[in-house]
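Chains, contacts and geometry: an overview
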Amino acid sequence: LLCPHLDFILFDAALPALCATRRELEEFVIDPREYVRRSHDPMADFLDPRAAASNLLSDLVSTRRHDTFQRLLDRLALVLQSYEKQHANGNIDLQAMVQKDGALCALGALGEQFLQNEHDDH
């Protein structure tokens with residue numbers, strides 16, 4: 001039931017929700033202290049789409065690891081490689097930076113999954 005929709009859930013819903021919005025980028029430029037305060041406010045996590053997307057990724061990988069983990073890692077690697085290629089050429093656009101930040105947030109959300117995988121190997 002869920003498998004046919006995993007690509008949409010992972011790549012069209014969860015990953016974009018992990019990326020910074022234009023409003024957040026503007027706030028970072030105008031008032032970086034407020035941006036940092038707001039991004040580390042525990043009360044805001046209840047309403048933050050980024051926290052919900054992180055939890056969704058973590059839950060999907062823990063419950064449907066076979067269907068999601070490698071597929072997600074491949075996409076995150078592609079995003080990071082694309083950013084690295086642009087960086088090497090010296091022409092990084094804003095969208096690539098935002099996507100890289102979202103990919104790093106996704107990797108952070110999967111930290112426990114990486115540790116679990118390491119413990120399973122030993």
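Going along each chain's sequence as written, the residues are numbered from 1 onward. Side-chain atom pairs in this predicted model are given and counted only at pLDDT of 80 or more, local residue features only at pLDDT of at least 70, and totals for whole chains, interfaces and linings cover all residues. Hydrogens and water are ignored here; the side-chain numbers use all heavy atoms of the structure.

Turning to the overall build of the protein, a few remarks are in order. Elements are defined by DSSP. Helices are runs of H or I of four residues or more, strands are runs of E of two residues or more, and each kind is numbered from the N terminus. Across its full length, the protein carries 7 helices and 0 strands. Written out in order from the N terminus, the α and β elements of the protein read α-α-α-α-α-α-α. Overall, the C-alpha framework of the protein stretches about 45 × 40 × 35 Å when taken along its three principal axes. Relative to its 122 residues, the protein shows a buried fraction of 28%. Taking contacts inside the protein between residues at least 6 apart in sequence as the whole, the part at least 24 apart equals 75%. Per element, the accessible surface of the protein, about 8,400 Å² overall, is 56% carbon and sulfur. One finds the centroid of the 12 positive side-chain charges in the protein at a distance of 4 Å from the centroid of its 20 negative side-chain charges. Relative accessibility decides the category of a residue: with a 1.4 Å probe and only protein chains considered, values under 20% of the type maximum give buried, values over 50% give exposed, and everything between is partly exposed. Contact definition: two residues touch when any of their heavy atoms are within 4.5 Å. Values of accessible area rely on a 1.4 Å probe in the Shrake-Rupley scheme; residue burial ignores everything except the protein chains shown. For the purpose of counting charges, residues Lys and Arg are taken to be positive, whereas Asp and Glu are taken to be negative. His and the chain ends are not included. We put the charge of a Lys on NZ, of an Arg on CZ, of an Asp on CG and of a Glu on CD.

Only Phe, Tyr and Trp rings take part, Trp by its six-membered ring, and two of them pair if their centres are within 6.5 Å. Stacked means planes under 30 degrees apart, edge-to-face means over 60, and tilted covers everything else. A complete count under the given rule lists 1 aromatic pair for this structure. As a reminder, the over-ring test applies to NZ of lysine and CZ of arginine, requiring each to be within 6 Å of the ring centre and within 35 degrees of the ring normal. When the ring centre of Phe11 is taken as reference, the NZ or CZ atom of Arg75 above it lies at 3.9 Å.

Among the structural elements, Asp67 can be located in helix α5 (residues 65-89). A residue is classified by how much of its surface remains accessible, and Asp67, at 22% relative accessible area, is partly exposed. If we skip the residues at most four places from it in the chain, Asp67 touches Cys3 and Leu6.

Attention shifts here to the side chain of Glu24. When you line up the elements, Glu24 lands in helix α2 (residues 22-30). Assessed through its relative accessible area of 12%, Glu24 is described here as buried. When neighbours within four sequence positions are excluded, Glu24 is seen to be in contact with Cys19, Tyr35 and Arg50.

Criterion for a disulfide: a pair of cysteine sulfur atoms at a distance within 2.5 Å. Here the structure, examined in full by the defined rule, presents 0 disulfides. The structure places no disulfide on Cys19, whose sulfur is separated from the nearest cysteine sulfur, that of Cys105, by 7.9 Å.

So, on to the layout of surface pockets. In this analysis, the protein atoms alone were mapped onto a 1 Å grid. Cavities are point sets where a 1.4 Å probe fits without being able to get out; pockets are open sets with protein on both sides within 12 Å along at least five of seven lines; lining residues have an atom within 4 Å of a point. Grid points are joined across faces, edges and corners, and a volume is the space filled by probe spheres set on the points. Looking at the largest pocket, its volume works out to about 460 Å³. Looking at the largest pocket, it is lined by 19 residues, and the ones nearest its centre are Glu24, Arg38, Ser39, Asp48 and Arg50. All residues other than Ala, Val, Leu, Ile, Met, Phe, Trp, Tyr, Cys, Pro, Asp, Glu, Lys and Arg, Gly among them, are scored as polar; the first ten of these are nonpolar and the last four charged. Of the residues that constitute the lining of the largest pocket, the class distribution is 7 nonpolar, 3 polar and 9 charged. Within this model, the second largest pocket holds a volume of roughly 240 Å³. In terms of lining residues, the second largest pocket is bounded by 13 residues, among which Phe11, Leu15, Cys19, Val79 and Gln99 are the most central. The set of elements that each furnish at least two residues to the lining of the second largest pocket consists of α1 (6-18), α5 and α6 (94-109). The dominant element in the lining of the second largest pocket, judged by the number of residues it contributes, is α5, at 5 residues.

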